[in-house]
Amino acid sequence: MKRTMFKPIHRRGFAATLAGLALLAGTALPSFAQPAPVKAELTVRASQPGPTIAPEIYGQFAEHLGRSIYEGLWVGPDSSIPNTRGLRNDVVDALKKMKVPVLRWPGGCFADEYNWRDGVGPRAERPVRVNTTWGGVGEDNAFGTHEFFDLVEMLGTKAYVNGNLGTGTPREMAEWIEYMTSDTKSTLAEERRKNGRDKPWKLDYFGVGNETWGCGGGMRPEYAADLHRHYVTFVRKAGGRNGPQEFASGSNDKDYNFTEVMMREAGKAMDGLTLHYYTLPTGDWKKKGPATGFNEDQWISTLSRTLQMETIIKGHAAAMDKYDPQKRVGMIIDEWGTWYDVEPGTNPGFLYQQNTLRDALVAAVNFHIFQQHADRVKMTNIAQMVNVLQAMILTDKEKMLLTPTYHVFEMFNVHQGAAYIPVDIKAPDYSHAGFTVPAVHAGASRDASGTLHLTLANLDPNRPASVSAKLEGASARKISGRVLTGPAMDTRNSFDQPHQIQPVAFNGAKGRGDSLTIDLPAKSVVVLTIE
Ligand code: AHR
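Definitions and cut-offs
Residues numbered from 1 in each chain as written. Predicted model: local features only at pLDDT ≥ 70, side-chain atom pairs only at ≥ 80, totals over all residues. Heavy atoms only, no water. Buried < 20%, exposed > 50% of the residue type's maximum accessible area, 1.4 Å probe, protein only. Helix = DSSP H or I, 4+ residues; strand = E, 2+ residues; numbered from the N terminus. Contact = heavy atoms within 4.5 Å. Near = heavy atom within 4 Å. Polar contact = N/O pair within 3.5 Å; in protein donor to acceptor, adjacent residues only side chain to side chain. Areas by Shrake-Rupley, 256 points an atom, 1.4 Å probe, with all protein chains shown as cover. 1 Å grid on protein atoms, 1.4 Å probe; cavity = no way out; pocket = protein on both sides within 12 Å on 5 of 7 lines; lining within 4 Å. Sits in = over half its atoms within 2 Å of the grid points. Nonpolar A, V, L, I, M, F, W, Y, C, P; charged D, E, K, R; others polar. Phe/Tyr/Trp six-rings, centres within 6.5 Å; stacked < 30°, edge-to-face > 60°. Lys NZ or Arg CZ within 6 Å of the ring centre and 35° of its normal. Domains from an automatic or database assignment. Buried area = accessible area lost by both parts, 1.4 Å probe. Salt bridge = Lys/Arg side-chain N within 4 Å of Asp/Glu carboxyl O. Axes fitted to C-alpha atoms, helices over the stretch in contact; angles between N-to-C directions. Parallel < 35°, antiparallel > 145°, perpendicular 65-115°, else oblique. Pairing = 2+ DSSP bridges. Core = buried A, V, L, I, M, F, W, Y, C linked by side-chain atoms within 4.5 Å.

Comments concerning helix 6 (residues 187–194)
- Residues Leu188, Ala189, Glu191, Arg192 and Arg193 constitute the buried set of helix 6.
- Where helix 6 is buried, its residues meet helix 4 (145–155) and helix 5 (170–181).
- Of the residues flanking the end of helix 6, it is glycine 196, one or two places downstream, whose phi is positive at about 110°.

Side note on the site of the ligand
- Around the ligand lies a shell of 15 residues, among which Glu63, Cys109, Glu211, Tyr278 and Glu335 are the nearest.
- Asparagine 210 places a polar side-chain atom, nitrogen or oxygen, 3.0 Å from an oxygen atom of the ligand.
- Between the ligand and the protein, one listed contact pairs an oxygen atom with a side-chain N or O atom of glutamate 335 at 2.7 Å.
- A total of 290 Å² of accessible area belongs to the ligand in isolation, and the protein chains cover 94% of it.
- In this structure, the ligand is accommodated by the largest pocket.
- By residue class, the composition of the shell around the ligand is eight nonpolar, four polar and three charged.

A closer look at the packing of aromatic side chains
- Enumeration over the complete set of coordinates arrives at 24 aromatic pairs.
- Centre to centre, the rings of phenylalanine 110 and tyrosine 114 are 5.4 Å apart; their planes meet at 35°, and the pair counts as tilted. The pair formed by phenylalanine 110 and tyrosine 114 is uniform in burial state, with each residue classed as buried.
- When the ring of tryptophan 336 is compared with that of phenylalanine 367, the centres are 5.6 Å apart and the planes differ by 80°; the resulting orientation is edge-to-face. Of this pair, tryptophan 336 sits in strand 12 (residues 330–338) while phenylalanine 367 sits in helix 10 (residues 357–372); the two residues are 31 residues apart in sequence, bridging distant segments of the chain.
- Judged by its relative accessible area of 0%, phenylalanine 367 falls in the buried class.
- Members of the aromatic cluster, each reached through a chain of ring pairs, are Trp74, Trp105, Phe110, Tyr114, Phe143, Phe148, Phe149, Trp176, Trp201 and Phe206.
- Looking at arginine 104, its charged tip hangs above the ring of phenylalanine 61, at a distance of 4.4 Å from the centre.

Some points on the domain arrangement of the protein chain
- Annotation of the protein chain at the domain level lists domain 1 (2–50 + 421–530) and domain 2 (55–417).
- Placing the centre of domain 1 and that of domain 2 at their C-alpha centroids yields a distance of 31 Å.
- Contacts between the two partners involve 44 residues from domain 1, matched on the other side by 42 residues from domain 2.
- Both sides of the domain 1 and domain 2 interface together cover about 3,300 Å² of buried area, and 70% of this is carbon and sulfur.
- It is Phe435, Met489 and Phe495 in domain 1 that bury the most area against domain 2; as a group they hold 22% of the surface buried on that side.
- There are two salt bridges connecting domain 1 and domain 2.
- Between aspartate 496 and lysine 399 there is a salt bridge; the shortest N-O distance is 4.0 Å.
- At the junction of domain 1 and domain 2, the tally comes to 16 residue pairs in polar contact (both at pLDDT 80 or more).

With respect to the packing of helix 3 (residues 89–98) against helix 4
- Two numbers describe how helix 3 lies on helix 4: the axes approach to 9 Å, and their chain directions differ by 50°. Accordingly, the angle class assigned to the pair helix 3 and helix 4 is oblique. Of the residues in helix 4, those in contact with Val92, Leu95 and Lys96 of helix 3 are Leu151, Met154 and Leu155.
- A class-by-class count of the residues in the contact of helix 3 with helix 4 yields five nonpolar, no polar and one charged.

Here's the deal with the pairing of strand 19 (residues 435–438)
- Sheet analysis places strand 18 (residues 429–432) next to strand 19, joined by four bridges and oriented antiparallel. Note on strand 19: the bridge partner recorded for tyrosine 430 is valine 437.
- In this antiparallel pair of consecutive strands, strand 18 and strand 19, the connection spans two residues, and alanine 433 shows a positive phi of 50°.

As for the sheet that holds strand 25 (residues 509–512)
- The strand order across the open sheet formed by five strands is 17-1-22-26-25, and the pairing between neighbours is mixed. Pairing within the sheet leaves two strands with one partner each, and these edge strands are strand 17 (423–426) and strand 25. The sheet shows a mean angle of 15° between the axes of neighbouring strands, taken without regard to direction.
- Across six bridges, strand 22 (residues 465–472) lies against strand 26 (residues 515–520) in antiparallel orientation. Each residue of the ladder has a partner; that of alanine 469, found in strand 26, is leucine 516.

Notes on the nonpolar core
- In terms of nonpolar packing, the biggest core is built from 146 residues, with Phe206, Leu456 and Ile518 touching the most fellow members.
- For this core, the leading source of residues is helix 10, giving 10 residues.
- Of the residues that make up this core, three or more belong to each of domain 1 (2–50 + 421–530) and domain 2 (55–417).
- Not counting residues up to four positions away in its chain, the partners in contact with leucine 456 are Leu42, His368, His441, Ala442, Val467, Ile518, Leu520, Ser524, Val525, Val526 and Leu528.

A short note on the side chain of asparagine 164
- Along the polypeptide, asparagine 164 turns up in the loop between strand 8 (158–163) and helix 5.
- Judged by relative accessible area, asparagine 164 falls into the buried class, the value being 7%.
- Polar side-chain contacts of asparagine 164 include one of 3.4 Å to the backbone oxygen of aspartate 112.
- Here glycine 168 takes part through its backbone nitrogen, which lies 2.9 Å from a polar atom of the side chain of asparagine 164.
- Excluding residues that lie within four positions of it along the chain, asparagine 164 makes contacts with Ala111, Asp112, Glu113, Tyr114, Glu172, Met173 and Tyr231.

Structure, rendered in structure tokens:
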């Protein structure tokens, strides 16, 4: 789909929009079949700015899993794929454009089996281990601490390193931190220098373990809390005054008790507490549902389960508030996103899945929810950045494509570091197959220059939405926007057609002063800049 294709369609209104989209899909709609737009109302309360939206809410996660690190990010300096010191140029350039505020590494479940010593020193001498969690494949440790920080510095992002609580010792954890951050003449700092890095790196965040309740050790929260207190004591000593913020490994889904116990027993010994929540179309881990070729039942069930994020955040926030009413401890949602059945024919241990317009809607809805809780949610990391789960980028040897999720991250990056602006929404329900979700979802922010950014999603795959927006405490002189949509619920990019879905100019917002009307196509995500 070419960039210009949607432009004239939006100028001609909904009927033409739908006809245009139907033609693109190869299924011309008879004129009587064109659904009327649903009506929604928004009030953008620009006069009531809330907390700053931490840029880290738009964070990423890259694990030693499948083709995430190897092939996706790292091809090695001798590869025919253009690279800089082994990191592929096309992927790094695309990520830079998207704006990555923080990158979590090396896992995930992998982190609790990782010994940092395996990944430093001459590459040819690094040991080969078995990645027991993810496919039982050989891990040659070509990508280690130095390569990670090279990537971090290329992207201009913050570093979030996840330590090994499951099988490592407190000494191992403390020594890794010393190796990364010490400016002294200690043996470990000298070893780092010998390995090519003179100055210490800036280690912004350190995770003490991952999923302690599961792959990280199968612990009860009481034990996990004690173990956190034990390990973090040495992490803090090693980091000293310029050490990283420390995160404790927290809960999953709706296990509010885990959060409660961690906060009660170890709340004073952490800067952040993590939380994981994945969106499965069916809610069934044995048969999650396909990434493409799904029907409307799974479109709406996926969005409905995405909206659960609101309930989940509120539940964990309430448990945190009990012990930390000042909200000193950040909620760190360091794994979220869609998890589908793997692409047919791929290694089940590699978690490779396609990414469609549905994933774009999932990302948009999650961001709006995270932003509404910007007082507590200080970081999130989508799982994962390249070639795994709800990825930004997919690669196939020298080919690369940007997914619909990438585009939403890029469109929404205007919210990073801006002030949260509350939005009241009156939207009709969209119901199907026993699920009901609001047809329209929205979020807003105001940046340092005073520009207002409004993002909207139309969750209804069949009907456009006509949105009347009132700006309270702001006035529109100039509006510009972009829209991401496509003819089918599973519109996606492929290696043969990598530009099928990408944002295009949006002309569906009209108005001046404090009143706007916004014509959202069915199943779309829109970003508006209001000056
Ligand atoms: O993101 C994939 C895996 O999901 C992570 O390794 C683990 O922490 C979670 O269960």
